[in-house]
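Spelled out, the chains give:
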Amino acid sequence: MTVQELPGAAAYRPTPPPAWKPITDPAPLLPDPEPYRVLGTDAVADIDPELLLRLHAELVRGRRYNAQATALTKQGRLAVYPSSTGQEACEIAAALVLEERDWLFPSYRDTLAAVARGLDPVEALTLLRGDRHTGYDPREHRIAPLCTPLATQLPHAVGLAHAARLKGDDVVALAMVGDGGTSEGDFHEALNFAAVWKAPVVFFVQNNGFAISVPLAKQTAAPSLAHKAVGYGMPGRLVDGNDAAAVHQVLAEAVARARRGEGPTLVEAITYRMEAHTNADDATRYRVDSEVETWRAHDPVRLLERELTGRGLLDDEGIEQAKEAAERMAATLRDRMNADPELAPMELFAHVYAEQTGQLREQAAALRAELDAEQDHHEHGAEAGR
């Protein structure tokens, strides 16, 4: 039976009624055809030199942080570490554009962004060390827990941002996700809710080329991930993710737009994951060395150093000072991570529910009994040996 044969077919209209028309003109929402750049262009003259120098210092420190954390996995001090080497410009810019009152919603690869925002480097690695829930108080630092499930932090960011606006709080949430996370349902749900509610949130996609071993071309046929913003009624921005000044500028504009009450923005940064997905991954199985070497020529640290030295804002002494500061940070991190943590098994039951369930209370009591019995055993054994 065709539509025309259905009862009431005479009233059937082959074209939609006027209400279908778009709420928003899509043209202003479309991203630029090429990633936005600042370094090496006339636009760099408008960037505060002090900001450029701070970005450089943080990039150098971030590169050393990634190297040290990766080394800690080989020494058995970390269970796993997803390095952001090559993506430091994205990580640092995301941290620096936020005000103290704002919230950062990181993914599992964004430990560097959390550290750049002021989180203790050891606390940022606690989850990856396997010690306890998160390692830090999210409310104290305005940093949501590092999120291992893909994209689940995005609806959380929207919820917090929407709630803040309802309360009248001048807060923006910046949610970070990888290109692989954009293939998850949570990504699409978050963008839809954010746009409908005009929530003060910025979605920041670090497109590093691979979702573990799956290249972008096998995830989407869209012209860019930034184009996905149009379908939800928000602007999409495309930026060179290795250009620290460009990333900072684009994110700063998106944060300011959200704070003005103009709604969310989707920013896609084109970058590259220089290291393997994690220390447990063999990247040589799905990409060739020549591809990696091509991206090394577009290294974010080198790009910024070349700009700063070329403009006379940075000399060899300044570069050495940045490296020395990074080495001091790495030495402190190494020493602290090499110290065995003081274990507190009963903390397993803290911060699970606001009020413990009966089952949790039973489990806690059982563990307490086992710990007490073990302590009595050791004490009696020590007495018998005297």
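Preceding block: the structure.
Residues numbered from 1 in each chain as written. Predicted model: local features only at pLDDT ≥ 70, side-chain atom pairs only at ≥ 80, totals over all residues. Heavy atoms only, no water.

(A) Representation of the sheet that holds strand β6 (residues 236-240) within the structure. Ordered in space as β1-β2-β3-β7-β6, the 5 strands form an open sheet in which the pairing is parallel. Of all the strands in the sheet, the pair left with one neighbour each is β1 (103-105) and β6. Along the sheet, successive strands turn relative to each other by an average axial angle of 20°, direction set aside. Of the pairings in the sheet, the one linking strand β3 (residues 201-207) to strand β7 (residues 265-270) comprises 6 bridges and is parallel in character. From the neighbouring strand, phenylalanine 203 faces β7, where its bridge partner is leucine 266. Helix α7 (residues 185-197) rests against β3 and β7 of the sheet, and its axis sits at about 150° to β3. (Pairing = 2+ DSSP bridges. Helix = DSSP H or I, 4+ residues; strand = E, 2+ residues; numbered from the N terminus. Axes fitted to C-alpha atoms, helices over the stretch in contact; angles between N-to-C directions. Contact = heavy atoms within 4.5 Å.)

(B) Seen up close, the side chain of histidine 277. Assignment of secondary structure puts histidine 277 in the loop between β7 and α9 (289-296). Under the relative-accessibility criterion, histidine 277 is labelled buried at 11%. Here the side chain of histidine 277 touches arginine 109 through a polar contact of 2.9 Å, side chain to side chain. Once residues lying within four places of it in the same chain are set aside, the contact partners of histidine 277 are Pro82, Ser83, Tyr108, Arg109, Ile212 and Tyr286. (Buried < 20%, exposed > 50% of the residue type's maximum accessible area, 1.4 Å probe, protein only. Polar contact = N/O pair within 3.5 Å; in protein donor to acceptor, adjacent residues only side chain to side chain.)

(C) Molecular detail of the pattern of salt bridges. Scanning all chains against the criterion turns up 17 salt bridges. The partner of aspartate 240 in a salt bridge is arginine 37, and the shortest N-O contact between them spans 3.2 Å. Of this pair, aspartate 240 sits in strand β6 while arginine 37 is found in the segment before α1 (49-74), placing the two residues 203 residues apart along the sequence. Given the relative accessible area of 4%, aspartate 240 is considered buried. Exposure remark for arginine 37: the relative accessible area of 40% places this residue in the partly exposed category. We note a salt bridge from arginine 77 to aspartate 340, for which the minimum N-O separation is 2.8 Å. One end of the pair, arginine 77, is in the loop between α1 and α2 (88-96); the other, aspartate 340, is in the loop between α11 (316-337) and α12 (358-384), with 263 residues separating them in the sequence. By sharing partners, the salt bridges in this structure join Arg101, Asp102, Asp170 and Arg259 into a single network. (Salt bridge = Lys/Arg side-chain N within 4 Å of Asp/Glu carboxyl O.)

(D) Examining the nonpolar core more closely. If you look at the biggest cluster of nonpolar residues, it comprises 64 residues, and the most contacted ones within it are Tyr65, Leu125, Leu174, Phe204 and Leu251. Residues within four places of leucine 125 in sequence aside, it is in contact with Tyr65, Ala69, Leu72, Leu78, Tyr81, Leu333 and Met337. Counting 26 residues, the second largest nonpolar core, distinct from the first, contains Ala151, Ala195, Ala199 and Phe203. (Core = buried A, V, L, I, M, F, W, Y, C linked by side-chain atoms within 4.5 Å.)

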